[in-house]
Amino acid sequence: MVRPRRVYAQHWLKSQQVLDRIVEAAGCRRDDCILEIGPGTGILTRRLLPLVGGLVAVEIDRDLCKLLTQQLGGKENFLLLQGDFLELDLPTLLNSFSPWKYQNKVVANIPYNITGPIIEKLLGTIANPNSEPYESIVLLIQKEVADRLVASAGSRAFGALTVRVSYLAKCEYICTVPAKAFHPAPKVDSAVVRLVPRPLEIAANEPKYLEMLVKLGFSSKRKMLRNNLQSVIERDELAQILATLDINPQSRAEDLSVEEWVKLSNQLQELSNA
Ligand code: SAH
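Residues numbered from 1 in each chain as written. Predicted model: local features only at pLDDT ≥ 70, side-chain atom pairs only at ≥ 80, totals over all residues. Heavy atoms only, no water.

**Student:** Which parts of the structure should I look at to understand the environment of Val177?
**Tutor:** Counting through the fold element by element, Val177 comes out in strand β7 (residues 169–177). Residue classification places Val177 among the buried residues on the basis of a relative accessible area of 0%. In the structure, Val177 is positioned 160 residues away from Gln17 in sequence and 9.7 Å away in space, judged by C-alpha atoms. For Val177, the contacting residues outside a window of four places in its chain are Val18, Leu140, Phe182, Asp189, Ser190, Ala191 and Val192. (Helix = DSSP H or I, 4+ residues; strand = E, 2+ residues; numbered from the N terminus. Buried < 20%, exposed > 50% of the residue type's maximum accessible area, 1.4 Å probe, protein only. Contact = heavy atoms within 4.5 Å.)

Below you can see the structure in the form of structure tokens.
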């Protein structure tokens, strides 16, 4: 077995059962072209390759790239890129490689130290969503982050991340993965999630404003929204607006659903324009 390196957050998955769940969640088809981030020693890659039309993998570790090229380089539907996923501009890079140009799905057991930036690169942001969204994104991530992605309003795990991600995608919790399913075992448990990009039923009129509002609203967690948003709206005025939106004026940031955040943003933004 290849010795895992801590700098690259390497933990090799060893559970066949978890691989089954990942593949099932991705619903792989012959006409899929998959993007895999951090193939590592290729345990997931080997599982995916026979099922799909193409697989583009991005791996930062040179030694692993050598190994993967030796072992899987002969597969026609496999393209390996060595580099930092966060730095690569994939569309430009692959533009001239016509069969590999578009990846419609992402399936990956990612490095946990860069989970947030990876999700942001895959989905984009509220103000700047990915213009060519993936059909689905199946990721193995820390359980704590998975819990935050699927949290419902009012629960402890609900936060700015929940709002930012669920504005752009439906988030589903697929299964919990115990630390012992990896070598070496990470310090925390993990989970498989599926993100399906879709427009929210109600859109923000001014996405940049919503982004700012969410950041401000969650800036001091225990406080009521009225206090956190004081710099954009007077407290009593906000209480009235919340009441007209059927939201308890005593609410804290984590009490508002994503839809309520959008409604509030649209109202406040209209006011600030008036
Ligand atoms: N998918 C493999 C390995 C998971 S560990 C498995 O399930 O066993 C995370 C992998 O991501 C490692 O192979 C690590 O080298 C790679 N990695 C870490 N940072 C990366 C980055 N910025 N870009 C691409 N790959 C990265």
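**Student:** What is the right way to look at the packing of helix α8 (residues 207–217) against helix α11 (residues 258–273) in this model?
**Tutor:** A pair of packed helices is captured by two measures, namely the crossing angle of their axes and the spacing between those axes. At a minimum axis distance of 9 Å, the contact between α8 and α11 shows a crossing angle of 110°. Comparing their axes, α11 and α8 come out roughly perpendicular. Note on packing geometry: the crossing formed by α8 with α11 is right-handed. In contact with Tyr209, Leu210, Leu213, Val214 and Gly217 of α8, α11 contributes Trp261, Val262, Leu264, Ser265, Leu268, Gln269 and Ser272. (Axes fitted to C-alpha atoms, helices over the stretch in contact; angles between N-to-C directions. Parallel < 35°, antiparallel > 145°, perpendicular 65-115°, else oblique. Left-handed = near helix turned anticlockwise from the far one by under 90°.)

**Student:** Is there a simple way to explain the site of the ligand in this structure?
**Tutor:** The local shell around the ligand holds 22 residues, among which Gln10, Gly38, Glu59, Asp84 and Asn109 are the closest. The backbone of Gly40 places a nitrogen or oxygen atom 3.3 Å from an oxygen atom of the ligand. Separating a nitrogen atom of the ligand from a backbone N or O atom of Ile60 is a distance of 3.4 Å. Contact with the protein chains hides 98% of the accessible area of the ligand, taken as 570 Å² for the molecule alone. Among the secondary structure elements, those contributing two or more residues to the shell around the ligand are β1 (12–13) and β3 (54–59). Class assignment for the residues of the shell around the ligand results in 12 nonpolar, 6 polar and 4 charged. (Near = heavy atom within 4 Å. Polar contact = N/O pair within 3.5 Å; in protein donor to acceptor, adjacent residues only side chain to side chain. Areas by Shrake-Rupley, 256 points an atom, 1.4 Å probe, with all protein chains shown as cover. Nonpolar A, V, L, I, M, F, W, Y, C, P; charged D, E, K, R; others polar.)

**Student:** I tried to follow the sheet that holds strand β4 (residues 78–82) on my own but got confused; where do I start?
**Tutor:** Strand pairing in a sheet relies on backbone hydrogen bonds, with the paired strands running either antiparallel or parallel. Within the open sheet, the 7 strands sit side by side as β4-β3-β2-β5-β6-β9-β7. Their pairing is mixed. The open sheet has two edge strands with one neighbour each: β4 and β7. When the angles between neighbouring strand axes are averaged without regard to direction, this sheet yields 20°. Taken together, the 5 bridges between β3 and β4 define a ladder with parallel strand orientation. Residue pairing in the sheet places Ala57 in a bridge with Leu80 of β4. Sheet strands in contact with helix α1 (residues 16–26) are β5 (105–109), β6 (136–142), β7 and β9 (190–197), and its direction is about 150° off that of β6. The sheet contacts of helix α3 (residues 62–72) involve β3 and β4, and relative to β4 the element is tilted by about 165°. (Pairing = 2+ DSSP bridges.)

**Student:** How should the domain arrangement of the chain be read in this particular structure?
**Tutor:** Parsing the chain into structural domains produces domain 1 (6–197) and domain 2 (207–273). Here domain 1 and domain 2 have C-alpha centroids that lie 33 Å from each other. Contacts between domain 1 and domain 2 engage 14 residues on the former and 15 residues on the latter. Between domain 1 and domain 2 lies a buried interface of about 1,100 Å² when both sides are counted; carbon and sulfur atoms form 72% of it. Interface area lost by domain 1 to domain 2 is led by Ile126, Phe158 and Val163, which between them contribute 39%. One can count 0 salt bridges joining domain 1 with domain 2. Seen at the junction of domain 1 and domain 2, the total is 3 residue pairs in polar contact (both at pLDDT 80 or more). Residue classes in the side of domain 1 that touches domain 2 are distributed as 7 nonpolar, 6 polar and 1 charged. (Domains from an automatic or database assignment. Buried area = accessible area lost by both parts, 1.4 Å probe. Salt bridge = Lys/Arg side-chain N within 4 Å of Asp/Glu carboxyl O.)

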